[in-house]
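Residues per chain are reported as follows:
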Amino acid sequence: MKLRRPILRGIRFTLTAVYTGLFTLMLLGVSLLFRQTLASNLEAQARDDLEQNWAILNAYLRIENDPPQRNYHPVWFFDIEDPEESSAAARVKNAYYIADPSGNRVEGSKVWDGLGSDPPAEVRRVLSSNQAQWREKKDASGVPYLIRGSYIVSEDKRVRYYVAIGTSRAESERLLSRFNLLSIGLIPFALLIGIATGWVFTGRALGPVLDIARAAQRISGSNLSLRLPSHGTGDELDYLIETFNQMIQRLEANFNQVRQFSTDVSHELRTPITVVRGQLEVALMTARNEEDFREAIVTSLSDIERLSQIVRALLLLSQAETGQRVLQKQRLNLCDLIENLVDQFQIPAEGADVYLRFERKSPSCEGDFDPIQIERMVSNLLTNAVKFTPAGGKIVVSVEGLGDKVEIVVRDTGQGIAPQYLPHIFDRFYRVPESGTPSPEKGLGLGLSFVAWIVRAHGGTLDAVSGLGKGTTFTIRLPLDPSAPTSPDDAVTTRVA
Ligand code: ADP
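Counting of residues starts from 1 at the beginning of each chain's written sequence and follows it residue by residue. Given that the model is predicted, a residue must reach a pLDDT of at least 70 before its local features are reported, and side-chain atom pairs must reach 80 or more before they are shown or counted; all residues, however, enter totals for whole chains, interfaces and linings. Neither water nor hydrogens contribute to the side-chain values; these are computed over all heavy atoms in the structure.

J.: Requested: an account of the overall build of the chain, with residues and values cited.
T.: What counts as a helix is a DSSP run of H or I of at least four residues, what counts as a strand is a run of E of at least two, and both are numbered from the N terminus. In terms of helices and strands, the chain carries 11 helices and 15 strands. At 53 Å, the chain has a C-alpha radius of gyration far larger than the 23 Å of a compact globule built from 497 residues. Judged by the C-alpha coordinates and their principal axes, the chain covers about 165 × 60 × 40 Å. Buried residues are those whose accessible area, probed at 1.4 Å on protein chains only, stays under 20% of the maximum for their type, while exposed residues exceed 50% and partly exposed ones sit between those limits. Here the chain holds 497 residues, and the buried ones make up 38% of them. Two residues form a contact once any of their heavy atoms are found within 4.5 Å. Put simply, of all contacts in the chain between residues at least 6 apart along the chain, 65% involve residues at least 24 apart. The atom set for the radius of gyration is the C-alpha atoms, and the globule formula is 2.2 Å times the number of residues raised to the power 0.38.

J.: Account for the sheet that holds strand β11 (residues 394-402), with residues named and values stated.
T.: Any two strands with at least two DSSP bridges between them are considered paired. The strand order β9-β11-β12-β14-β13-β15 describes an open sheet built from six strands, whose pairing is mixed. The two strands at the open ends of the sheet, each matched to only one other strand, are β9 (355-360) and β15 (492-496). Strand-to-strand twist in this sheet, taken as the mean axis angle between neighbours without regard to direction, amounts to 10°. Sitting on the sheet, helix α8 (residues 334-344) is in contact with β9, β11 and β12 (405-412), with an inclination near 170° to β9. On the sheet, helix α11 (residues 447-457) packs against β13 (461-466), β14 (472-479) and β15 and is oriented at approximately 145° with respect to β13. In this analysis an axis means a line fitted to C-alpha atoms, helices contributing only their contacting stretch, and an angle means the value between N-to-C directions, from 0 to 180 degrees.

J.: Residues and numbers for the packing of α8 against helix α10 (residues 371-388), please.
T.: Relative orientation of the contacting elements α8 and α10 amounts to 45°, with a least axis distance of 10 Å. Taken together, α8 and α10 sit at an angle that is classed as oblique. Every pair of crossing elements has a handedness; the one defined by α8 and α10 is right-handed. For the pair α8 and α10, the contacting residues are Leu334, Leu337, Ile338, Leu341 and Val342 in the first and Pro371, Ile374, Glu375, Val378, Ser379 and Leu382 in the second. Side-chain classes are defined by residue name, with Ala, Val, Leu, Ile, Met, Phe, Trp, Tyr, Cys and Pro counting as nonpolar, Asp, Glu, Lys and Arg as charged, and the others, Gly among them, as polar. Here the residues of the contact of α8 with α10 sort into nine nonpolar, one polar and one charged. Orientation labels follow simple angle bins: below 35 degrees gives roughly parallel, above 145 gives roughly antiparallel, 65 to 115 gives roughly perpendicular, and whatever is left gives oblique. In a left-handed crossing the near helix is turned counterclockwise from the far helix by less than a right angle, and in a right-handed crossing that turn is clockwise.

J.: I'd love a proper account of the site of the ligand, names of residues and values included.
T.: Neighbouring residues of the ligand: 19 residues in total, closest Asn384, Asp412, Val432, Gly445 and Leu448. Within the side chain of Asn384, an N or O atom sits 2.8 Å from an oxygen atom of the ligand. N or O atoms closer than or at 3.5 Å make up a polar contact, with two conditions inside protein: a donor-capable atom paired with an acceptor-capable one, and, for residues adjacent in sequence, both atoms drawn from side chains. Measuring from an oxygen atom of the ligand, one finds a backbone N or O atom of Val432 at 3.3 Å. Areas reported as accessible are Shrake-Rupley estimates using a 1.4 Å probe. Residue values count occlusion only from the protein chains shown. Here the ligand has 530 Å² of accessible area as a free molecule, and 96% of this is covered by the chains. For each residue, the test is whether any non-hydrogen atom lies within 4 Å of the molecule or strand; if one does, the residue is near.

J.: Please give an account of unusual backbone geometry that cites residues and values.
T.: Positioned with a positive phi, Lys157 is a non-glycine residue whose angle comes to about 60°. Relative to the assigned elements, Lys157 resides in the loop between β6 (144-153) and β7 (160-168). The phi torsion at Asp353 lies on the positive side, around 60°, for a residue other than glycine. Secondary-structure assignment places Asp353 in the loop between α9 (346-351) and β9.

J.: A description of the side chain of Asn53 should follow, citing residues and the corresponding values.
T.: Relative to the assigned elements, Asn53 resides in helix α1 (residues 4-60). Once residues within four sequence positions are removed from consideration, Asn53 is found in contact with Arg91, Val92 and Ile165.

J.: Which residues make up the packing of helix α6 (residues 236-286) against helix α7 (residues 290-321), and what are the values?
T.: Contact geometry of α6 with α7 gives a least axis separation of 8 Å together with a crossing angle of 170°. Comparing the axis directions of α6 and α7 gives the class roughly antiparallel. Of the residues contributing to the contact of α6 with α7, the split by class is 17 nonpolar, four polar and three charged.

J.: Describe in detail α11, supporting the description with residues and values.
T.: Counting buried residues along α11, 10 of its 11 residues qualify, which places the element largely inside the surrounding structure. Turning to α11, its buried residues are Leu448, Ser449, Phe450, Val451, Ala452, Trp453, Ile454, Val455, Arg456 and Ala457. Of the residues one or two after α11, Gly459 is the one with positive phi, at around 80°.

J.: Tell me about the pattern of salt bridges, and name the residues and values.
T.: Salt bridges are counted wherever a side-chain nitrogen of Lys or Arg sits within 4 Å of a carboxyl oxygen of Asp or Glu. Enumeration over the complete set of coordinates arrives at 22 salt bridges. A salt bridge links Glu252 to Arg227, with the shortest nitrogen-to-oxygen separation between them at 2.7 Å. In this pair, Glu252 sits in helix α6 while Arg227 sits in the loop between α5 (170-218) and α6, placing the two residues 25 residues apart along the sequence. Two residues, Glu407 and Arg477, come together in a salt bridge whose shortest N-O distance is 2.8 Å. Placement of Glu407 in strand β12 and of Arg477 in strand β14 is noted, with a sequence separation of 70 residues between them.

J.: Mind laying out the state of the cysteines, listing which residues take part and the relevant values?
T.: Counting rule for disulfides: a pair of cysteine sulfur atoms within 2.5 Å. Under the defined criterion, the tally for this structure stands at one disulfide. Across a sulfur-sulfur distance of 1.6 Å, Cys335 and Cys365 are joined as a disulfide pair. Note that Cys335 is positioned in helix α8 and Cys365 in the loop between β9 and β10 (366-369), a separation of 30 residues in sequence. One exposure class covers both Cys335 and Cys365, and it is buried.

J.: Any chance you could break down the sheet that holds strand β5 (residues 133-138) for me, citing the residues and the numbers?
T.: Reading across from one edge, β4-β3-β7-β6-β5 is the order of the five strands in this open sheet, with antiparallel pairing throughout. At either end of the open sheet lies a strand with only one pairing partner, and these are β4 (105-108) and β5. Neighbour to neighbour, the strand axes of the sheet diverge by 25° on average, direction disregarded. Of the pairings in the sheet, the one linking β5 to β6 comprises six bridges and is antiparallel in character.

J.: I'd like to hear about α5, residue by residue, with values.
T.: Residues separated by three or four positions in an α-helix point in the same direction, a consequence of the helix having 3.6 residues per turn. Multiplying 1.5 Å by the residue count of a helix minus one yields the expected span of that helix. The first and last C-alpha atoms of α5 sit 70 Å apart over 49 residues, in line with the 72 Å expected at 1.5 Å per residue. Along α5, the sharpest kink reaches roughly 35°, centred on Gly207 and followed within four residues by the proline Pro208. Bend, in this description, refers to the angle at a residue between axes fitted to the seven residues ending there and the seven starting there.

This is the structure we're talking about:
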């Protein structure tokens, strides 16, 4: 019993751990993706800025040859009075560098001096390429700059001058490192919330399982009426609760049956035992000669015979119902078997002045049945029919093949059974109270219980129709298929005629 908590705690822990692990991976993935997107957007933004600055530079900067004897030099053309032009030029000139075709510095901003002048090899590489060259450079304090290196052709189209502009990436770096800090700070926070919600939710989800476990612990033979309330959500746990309740219901029915059975047995055995005991005690005190003793012993023996009958019948029935007694099926012609049996009942029927007839409605009714049990089934029905049909009455037994089934009908014109007793006739030890039969003929109330078991064991159905003064009809249908499974309890029904 103590096992319950650790197991559930284990499930809760595992679920929370898996959930948290997935949550962590997802958070890390999302923040990495987000950081990547942010970094490439910032980079694209910086390139755009530099492209715009390059366009401005192209408009404002010319390489002039004046006088035309190889004296090339850069000249800036913009209206210093125009605030728009001068601020655009100032933006471009914040970080720029101009070198002649041999790589010598011609002009450059102060910021560029901090970055260090470009080596002549780099200048020549850019000058010989037709595309702008992008790279990154860091100043003395480690601030990164994005550099766009290209060239401007002189006015007379004879020389190319190396021109590079740059933009600081300090702001982008700051943004990215702030993002990193935020992620590092937020991820554990989000994780904590995730773990807490995961723990609470799994706890809540597993709550009904704990209820089931607790209820199962409380259940014993004396409180099997206990049922778990369903949540009404129709989810898997509701299904579990429903299944659990159905299981208890079946257990309760079985328990009640067993309880009822033992009560019935003790009740049934007590009466003959008391009678025998009384008879023997009286004989012991009052018998005067051998004849008196013999008489007492003979009477007691007949009661003891009844006792052993009860015990034998009970043993058979309990073996049958617990599955210890299995059917010994064999291929046989049911019509022949039953016809022979009806023949054997002609003598007792004549003795009771009852007309007994057999009707074979099909030429053959071959199938796999247990002959001993089928005989027991029909004899029990016939014994009752003869017993409960007054003189001058009629009993008809018919057998008919119906495709994959065979139908056996035992009909009598006897006293019938009152509607209030009819539903109980298949119960063990049940006898209709005012059946009026004299005591020596009184049955054990087990005959129809056997009939019901035999029909169900063959996978068939049984229907009893009766009414007071209207006779009784038992209709049995047995499948011909030898592998038919045992029928459920509701295969045996009763109806008022
Ligand atoms: P028993 O061994 O006492 O006959 P059964 O289980 O065979 O017990 O039958 C239960 C009760 O059903 C009987 O006591 C009887 O009252 C009633 N019963 C069974 N068969 C018939 C019948 N053909 N006609 C009238 N009553 C019947």
